[in-house]
Every structure is written in structure tokens, then in C-alpha cells.
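The residues making up each chain are set out below.
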Amino acid sequence: GTGSPVVMENLALSAPPSELVDLSEQQHARVTGSEDSHVMSNPWWQNVQVWGFGASGYYDTGSGGTRDHGSFEIKEATLFVEADVWENNSFFIELQTNRLGKDDQKFVRTGEVYLNFVDLIHSDHLQAGLKVGRVDIPFGEEYLWQDAIDNPLITNSASYVYGWDEGLLIYGDYGSLSFVAAVTDGTDERSEEDHGDKAINLKLSLEPVDSLYLSGSAMFNGNAGKSAVEFGGSHFQPVGASHGSALGASGSATVSGSLYQIDGKYRPVENGYVAAHFGWAEQEDRDSLFDRDFRWFGVEAYSSLSSRWYVVARYSEIGTYDDDAGYHFDGKIYAGGNGSFGYDTKRFQRLGIGLGWKPNTNLVTKLEVGKDWFELIDASLLSTDNDNRLFVGVEFAARI
């Protein structure tokens, strides 16, 4: 989830994406509390904040994508509630009323739900806080701007690493270095484990100069039938578990995995930036035939044309890059690679070019034209011939 009038682990809503360089400010709650607040003596309504965002539009993916006829739809709608329950202690809940194009499933669910202990440690060099509950998995940078109101494009990157999981998350600063560390269940099921192993995350970030932000993320996911973390529209799970493969299916019930990513954002001028990321991962199966290695990268360039208009372009891809070892890369929510090609994909590419209009920080209109490509392993009996995945979308997003 994203956004809050209070600087939270996910995002500082006071600035649009074009104005954000130091993403460390988005990653964790401010660890210095207010000495003037008296939570226990306030009327309850003074201790509660409610905000949210929503997005809808028209999307056409071409004949090979998930919106092959073109459609109007509600893409996302989410409410956030944060309540102070004690000095430097709050309860946060994210209520997703529409989640990433799944309006047909007609369900309402929670995203993040946690208790936040702000300013748990405060010294001259170290400030730290603690979250307990279901939290965003702190890996990479895209989970910080994945929501439609914060994403300058309509689509996400090809790798799109994100997820929620139950556990403990520690955040803070040590001098100029910001850190986020988490221990979580590591399984996709909510508040339920399919294996006793856990997932461990560590993310470090810093701003060596005013115009440059850098971060590095590492994650180890223990044995699980399906990991909580998702990348490329897929989870760590045994090959063939959800869709068929030209090379057969793993007989294992669980797999383990590790992910790594480095990110950078450079702002040479006040009205623009260039951002890039590179990541890699390994999935380990009991049968080494079904081990998989993954790599991904992306580059994004953004420029403000005026105080209200901007242009942006993003190229990204993910794959095994192995003619004999594929995996299912989806390109969610528009490419539909999982359903079309199962585990036979060796490379997925995505290009998006957009024009945006932002009359203020609470409203954005986006036009995007882009294209998705899939490459398959040699043994696949499927074909990408005449596979049109040209994307055109117009989206309106607002925050309250």
C-alpha cells in the first residue's frame, strides 16, 4: 500500500513521483516522535486518519493480451486508515476494494495490516522503529510506487517485485544509511504456512550526493509451496505447479529461492530523472533439473514539460535466458503470459511510453502506448506468431 499524510514505510504522498529522489524517505515511518502529542487525552477522532486512492480508465492490449477487445474498468481503489493508539504507537490497515484489475472477483481484502512502534530506538547515531503484522515485502523500489496514483505509467515493469507477508519489520537510519530488515512467513497463504522456513529481507539505501539515490536489496525465501514474494507475475514455486511445461513438471512440493537487486535514481536537472534497476534470483528444487536462474533489468526516463505535463518512457525485461529452461512470466495485469505460455517463456520484454497531466498532486491523467514480447524455449510447441500485444491505455487516478 502507499501514501499517508504521515511519512510511512511506503510513501511520502506530499510529493509526486517526479519530485522524489531520496526514496529512503518513502521506506519507513519517521522515527522521531512528536513531544507535543497527547494521544491518550485526545478524542478518538483526532487520533484517526483516513485517506486513499482510486484509478479507472480504458485499456486495450491487442489480441494476445488480457483486454483483447478493449474495455473500460476500475483498475484500483484502496482506503487507508491509521490510528494512534499510544505515544509513538499506531495501528495501520490497508483496505483494497479493487485490486489490480481483479474487479470480476468481487472481493474486498486487506493489504498491509500492522502495529507500528515508532522511535523504538533513538540515539545520536541510530534511530529505529518496528512493525508487527502484514507488511509490504521490502525489496527493490517498485513496491513503493506501484499504486496507480504514484506510478507515472499505467503498466508496471516486467519484473515488478512485490508482495505482502506476515512477520516483523525493523526500519530506521544509522547515520546517513537507511535500512529495512524483515523476517516473515515466506508463503503466499495469509496467516498460514506451508513450511516452517521463513523469508529474510535486508535493504540498504543512501543518498551520497543530493542528485543521486542508491539502494541494494537481498532476500532469502526458505522452502515454500508458493512464496509470498512475486516477481515477473510469478512466485517461487515448483515448475509446472500451476501451468504446464514442455519439459515436464517438478515432483517437489516446495522450493526455496533467493533474490538480489540494485537500484539507482539520478536527477541531473530539477524537472527530470533517470532511474535503473538490475536484479537476479535463483530457485532451488530438490531435483536440480528444475532449478531456475532469473535475471531482470529496467530503465526509466522522466521529464516535466511544465508544472502540469510530463513525459516518461520505461523499458524492462525478465527471463531465464536459457533455451532449455523456461518459467512463467505474466506481465501482469495486461500481457497474460502465464495463461498463454505456461512455463515455456525464456524472456519477457515490455516497453511503455507515456504522457501525463497533473493539475495538482491529487490527480493525474495518463496516456500510455506500449508493447509486450515473449520468447519461448526451444522445446515449446506453442508459438508467438501473430501474437499482438500492443498496449494502449488512458487512465485517471486520484487520491483523497
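See the structure above.
Residues numbered from 1 in each chain as written. Predicted model: local features only at pLDDT ≥ 70, side-chain atom pairs only at ≥ 80, totals over all residues. Heavy atoms only, no water.

Asks: Can you walk me through the overall build of the chain in this structure?
Replies: A tally of helices and strands in the chain yields 3 helices and 18 strands. Here the C-alpha atoms of the chain give a radius of gyration of 21 Å, agreeing with the 21 Å that 2.2 N^0.38 yields for 400 residues. Once the C-alpha set of the chain is aligned to its principal axes, its extents read approximately 70 × 50 × 45 Å. Taking all 400 residues of the chain together, 54% fall into the buried category. Partitioning the contacts of the chain with sequence separation of at least 6, the portion at a separation of at least 24 is 63%. Total accessible area on the chain is roughly 16700 Å²; 58% of this is exposed by carbon and sulfur atoms. (Helix = DSSP H or I, 4+ residues; strand = E, 2+ residues; numbered from the N terminus. Rg over C-alpha atoms; globule rule 2.2 N^0.38 Å. Buried < 20%, exposed > 50% of the residue type's maximum accessible area, 1.4 Å probe, protein only. Contact = heavy atoms within 4.5 Å. Areas by Shrake-Rupley, 256 points an atom, 1.4 Å probe, with all protein chains shown as cover.)

Asks: Whenever I open this one, the pattern of salt bridges confuses me. Can you help?
Replies: It is possible for side chains of opposite charge to pair when their charged atoms get near one another. In this structure the tally under the stated criterion is 16 salt bridges. Taking the shortest distance from any N to any O, the salt bridge between Glu317 and Arg347 comes out at 3.0 Å. With Glu317 in strand β15 (residues 309-319) and Arg347 in strand β16 (residues 345-360), this residue pair connects regions lying 30 residues apart in the sequence. Arg347 sits in the partly exposed class, given a relative accessible area of 23%. We note a salt bridge from Arg347 to Glu375, for which the minimum N-O separation is 3.1 Å. With Arg347 in strand β16 and Glu375 in strand β17 (residues 363-376), the pair connects residues that are 28 residues apart, well separated along the chain. By sharing partners, the salt bridges in this structure join Lys75, Lys366 and Glu395 into a single network. (Salt bridge = Lys/Arg side-chain N within 4 Å of Asp/Glu carboxyl O.)

Asks: Sorry, what's going on with a nonpolar patch on the surface here?
Replies: A surface patch of nonpolar side chains, amounting to about 850 Å² of accessible area, comprises Trp44, Trp45, Val48, Val50, Leu79, Leu95, Val108 and Ile400. A relative accessible area of 56% places Val50 in the exposed class. (Patch = residues over 30% accessible without salt bridge, like charges linked within 9 Å, V, L, I, M, F, W, Y side chains within 5 Å.)

Asks: How should I be thinking about a negative patch on the surface in this particular structure?
Replies: On the surface, Glu282, Glu284, Asp293, Asp322, Asp324 and Asp378 cluster together into a negatively charged patch. In this fold, Asp378 is placed in the loop between β17 and β18 (390-399). (Lys, Arg positive; Asp, Glu negative; His and termini not counted. Charge placed at Lys NZ, Arg CZ, Asp CG, Glu CD.)

Asks: I keep staring at the layout of surface pockets and nothing clicks. Help me out?
Replies: To find leftover empty space, one rolls a probe the size of a water molecule over the atoms. Its volume calculated, the largest pocket comes out at about 700 Å³. As for the largest pocket, its lining consists of 34 residues, and the residues nearest its centre are Lys102, Tyr162, Glu230, His235 and Lys332. Ranked by residues supplied to the lining of the largest pocket, first place goes to strand β6 (residues 164-174) with 3 residues. Its residues assigned to classes, the lining of the largest pocket shows 5 nonpolar, 14 polar and 15 charged. (1 Å grid on protein atoms, 1.4 Å probe; cavity = no way out; pocket = protein on both sides within 12 Å on 5 of 7 lines; lining within 4 Å. Points joined across faces, edges and corners; volume = space filled by probe spheres on them. Nonpolar A, V, L, I, M, F, W, Y, C, P; charged D, E, K, R; others polar.)

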